[in-house]
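Secondary and tertiary structure notes
The primary structure of each chain is shown beneath.
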Amino acid sequence: MYLQNAWYVAGWSSEFAAGPVGRVLLDEPIVFYRGQNGVLAALEDRCCHRAMPLSHGQVIGDGLRCEYHGLVFDAGGRCIDIPNQTAIPAETCIRAYPVEERDDLVWIWMGDPQRAARDEIVRYPYHGTWPYKCKSERLPCNYLLVSDNLLDQTHAAYVHKSTLASGIDKEARTEIEVKPTPDGVRFTRWMLNCIPPALYANAVRFKGRVDRWQEFEYVAPSCILQFTGALDVGLGAYEQGKRDGGFGLRIFYGITPETEHTCWFFWSTANGYRQNDPAATDELFQSIDDAFKEDDLVLEAQYATMRRLGDRPLVNINSDVARIHARRALERKIAAERGIARESVVTLP
Ligand code: FES
Ligand SMILES: [Fe+2]
């Protein structure tokens, strides 16, 4: 069960610079193309004549031509030309999806176009103000496993031993604040008086131990905003909310279902500590990419086991609290859209 009336990330604006690009989102094949006017359009990736995918087509002016028998469609999905035929029957049209480019991202509305409220798109101004790098990946798991993984950062100690983990540290103290929101959940995980992880220590010269924060906001159905960093102990990161002068990075995540069993994972890393140093931005991206490969192995193995043994129960532990709030928010939205009780919404266990 997907939430239909919602904005999902379809990719990065930079991915749709040239000709048509086909992408399956929420089980629907969609073709994106940019007309000569520069406006990005999203259409059903299926010609209404003989079902040829329009992602094999060609951009003609502001329209898209099917490269089978030459029908041309405009950005609204209307056929505007049939070769050797003057009359164009009204039913010669395909579905068009509302799309919006914001903060270097492409957002698509998958539900009723009349209800597409552009002011509901999650804003992310850091793509305009912090140097960043981004990536699009396809992952072999249900999309909810990706947000589950991000919302329980206790996995870092085991999955990211060589990248993000702080290491075994008896003097460190951990605190978690979790706040449910109408659209999801916000949480901050503090690791106070801890040894900085290798990634941080390589990027910034710390005096010794640090106070480290991980702030996450999940916005249902599939967007997560992360702000992570550390300051030397005593500089007031925890006590006074100070964030500048140490290590800081922001990660944007758009997690969009492709099918029930696969998803798109769009993410960016923005450099908040050496902003005039392009090499630092590159290194940061590379380090996080290496860490995410560690996550990918877990997600693939976990999902394969879930599919094989999906009827066996799973248990929740304390660290699931943010993940559970996130699921509830999504289930509330799906239930409201379908007019059913939240308990009747079926998502991944
Ligand atoms: S299938 Fe597209 S024009 Fe025939
Ligand atoms: Fe991870």
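Residues numbered from 1 in each chain as written. Chains lettered and ligands numbered in written order. Predicted model: local features only at pLDDT ≥ 70, side-chain atom pairs only at ≥ 80, totals over all residues.

Structural notes on the sheet that holds strand β10 (residues 99–102)
What counts is decided by this rule: Here, any two strands with at least 2 DSSP bridges between them count as paired. Only DSSP runs of H or I with at least four residues qualify as helices, and only runs of E with at least two residues qualify as strands; both kinds are numbered from the N terminus onward. Helix axes are fitted only over the stretch in contact, all axes being lines through C-alpha atoms; the angle between N-to-C directions runs from 0 to 180 degrees.
Read across the sheet, three strands follow the order β1-β11-β10 without closing on themselves; strand pairing throughout is antiparallel. The open sheet has two edge strands with one neighbour each: β1 (7–12) and β10. Direction aside, the axes of adjacent strands within the sheet are offset by 30° on average.

Concerning the domain arrangement of the protein chain
Selection rule: These domain limits were set by an automatic method or by a database of domain assignments. Contact definition: two residues whose C-beta atoms, as placed from backbone geometry, lie within 7 Å.
Considered domain by domain, the protein chain is made up of domain 1 (7–120) and domain 2 (127–344). Summarising the inter-unit geometry, the C-alpha centres of domain 1 and domain 2 are found 33 Å apart. Of the residues lining the interface, 13 residues belong to domain 1; the matching set on domain 2 comes to 12 residues. Of all the secondary-structure elements, those providing two or more residues to the side of domain 1 that touches domain 2 are β1 and β2 (21–25).

Points about the pairing of strand β11 (residues 105–109)
Rules: Three exposure classes are used, based on other C-beta atoms lying within 10 Å of a residue's own C-beta, which is placed from the backbone: buried for 20 or more, exposed for 12 or fewer, and partly exposed in between.
In terms of burial, β11 is a largely internal element, five of the five residues being buried. The alternating pattern of β11 places L105, W107 and W109 and V106 and I108 on opposite faces, both of which are buried. Two strands pair when backbone bridges link them, and β1 and β11 are joined in this way by five bridges, in the antiparallel orientation. Across the sheet, residue V9 finds its bridge partner in β11, namely W107. Sheet topology places β10 next to β11; four bridges connect them, and they run antiparallel. When the sheet's bridge partners are listed, R102 is paired in β11 with L105. A loop of two residues connects β10 with β11, the two strands running antiparallel in sequence, and D103 in this loop sits at a positive phi of about 55°.

Some details on the packing of helix α2 (residues 143–150) against helix α6 (residues 278–308)
Describing two packed helices takes the angle between their axes plus the distance from one axis to the other. Let me state the cut-off plainly: Here roughly perpendicular refers to angles of 65 to 115 degrees, roughly parallel to angles under 35, roughly antiparallel to angles over 145, and oblique to all remaining angles. For any helix crossing, the convention is left-handed if the near helix is rotated counterclockwise from the far helix by under a right angle, and right-handed if that rotation is clockwise. Note on residue categories: nonpolar means Ala, Val, Leu, Ile, Met, Phe, Trp, Tyr, Cys or Pro, charged means Asp, Glu, Lys or Arg, and polar means any other residue, Gly included.
The contact between α2 and α6 brings their axes to 10 Å, and the two run at 130°. It follows that α2 is oblique to α6 by the angle criterion. Seen from above, α2 lies across α6 with right-handed handedness. Along its contact with α2, which presents L145, V146 and N149, the element α6 presents D295, L299, Q302 and Y303. Partitioning the contact of α2 with α6 into residue classes produces four nonpolar, two polar and one charged.

Points about unusual backbone geometry
A cis amide bond links A220 to the next residue, P221, at an omega of 10°. As for its position among the elements, P221 is in the loop between β15 (210–219) and β16 (223–232). Positive phi values are uncommon outside glycine, yet D27 reaches one of about 70°. Of note, D27 is situated in the loop between β2 and β3 (28–34). With 11 C-beta atoms counted inside 10 Å, the residue D27 sits in the exposed group. Although it is not a glycine, N193 sits at a positive phi angle of roughly 55°. Within the fold, N193 resides in strand β14 (residues 184–194). In this structure N193 comes out as partly exposed when scored by C-beta crowding, with 17 C-beta atoms within 10 Å.

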